[in-house]
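# Coordinate inspection notes
Below, each chain spelled out in residue letters.
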Amino acid sequence: QVQLVESGGGLVQPGGSLRLSCAASGFTFSNYGMEWYRQAPGKERELVATITGTGGSVNYADSVRGRFTISRDNAKKAVYLQMTNLKPEDTAVYYCKMILGYWGQGTQVTVSS
């Protein structure tokens, strides 16, 4: 079955960086686009970044463009979210999602001094 396991979250100071990872199994990884979402307390879950199966096309939410980078390694069956210049408003649970609707369990990112 499809499994997605996120890791790499934690507590970081404003201006810092984190790299999230999502390990995938149970499907032909390179055939499917992947997405990162986030959900802050009391807010709707929002799309952060997307990447196609080949990695040739990516898109970002306006709120993270220029600070976050999505990438993937199809040999390792993993998708990543490199986050730089983090702000307190980036605090959320971050989820990876396969485009057919499978979700990981999420990883907490807290940006605070």
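About the cut-offs
Residues numbered from 1 in each chain as written. Predicted model: local features only at pLDDT ≥ 70, side-chain atom pairs only at ≥ 80, totals over all residues. Heavy atoms only, no water. Helix = DSSP H or I, 4+ residues; strand = E, 2+ residues; numbered from the N terminus. Buried < 20%, exposed > 50% of the residue type's maximum accessible area, 1.4 Å probe, protein only. Contact = heavy atoms within 4.5 Å. Phe/Tyr/Trp six-rings, centres within 6.5 Å; stacked < 30°, edge-to-face > 60°. Lys NZ or Arg CZ within 6 Å of the ring centre and 35° of its normal. Salt bridge = Lys/Arg side-chain N within 4 Å of Asp/Glu carboxyl O. Disulfide = S-S within 2.5 Å.

## Some remarks on the side chain of Glu35
Within the secondary structure layout, Glu35 lies in strand β4 (residues 34-39). The class of Glu35 is buried, set by a relative accessible area of 13%. Residue contacts for Glu35: discarding those within four places in its chain leaves Leu47, Ala49, Thr50, Tyr95, Cys96, Lys97 and Ile99.

## So, the packing of aromatic side chains
Enumeration over the complete set of coordinates arrives at four aromatic pairs. Judged by centre distance (6.0 Å) and plane angle (50°), the ring pair of Phe27 and Phe29 falls under tilted. Here Tyr95 and Trp103 contribute two aromatic rings whose centre-to-centre distance is 6.1 Å and whose plane-to-plane angle is 85°, an arrangement assigned as edge-to-face. Residue classification places Trp103 among the partly exposed residues on the basis of a relative accessible area of 35%. The ring of Tyr95 is capped by Arg45, whose NZ or CZ atom sits 3.8 Å from the centre of that ring. One residue, Arg45, lies across the ring of Trp103, its end atom 4.5 Å from the ring centre.

## So, the pattern of salt bridges
Scanning all chains against the criterion turns up five salt bridges. Here Glu35 makes a salt bridge to Lys97, at a shortest N to O gap of 2.9 Å. Taken as a pair, Glu35 in strand β4 and Lys97 in strand β9 (residues 92-98) lie far apart in primary sequence, 62 residues in all. When sorted by exposure, Glu35 lands in the same class as Lys97, which is buried. Of the charged contacts in the structure, one is a salt bridge between Asp62 and Arg65, with a shortest N-O distance of 2.5 Å. A relative accessible area of 66% places Asp62 in the exposed class.

## Description of the state of the cysteines
Overall, the coordinates contain one disulfide when judged by the stated rule. A sulfur-sulfur separation of 1.9 Å characterises the disulfide bridge that pairs Cys22 with Cys96. Sign of the S-S torsion, about 40° for the bond between Cys22 and Cys96, identifies this disulfide as right-handed. Here the residue Cys22 occupies a position in strand β3 (residues 18-25), and Cys96 occupies one in strand β9, the gap between them amounting to 74 residues. Each member of the pair, Cys22 as well as Cys96, is classed as buried.

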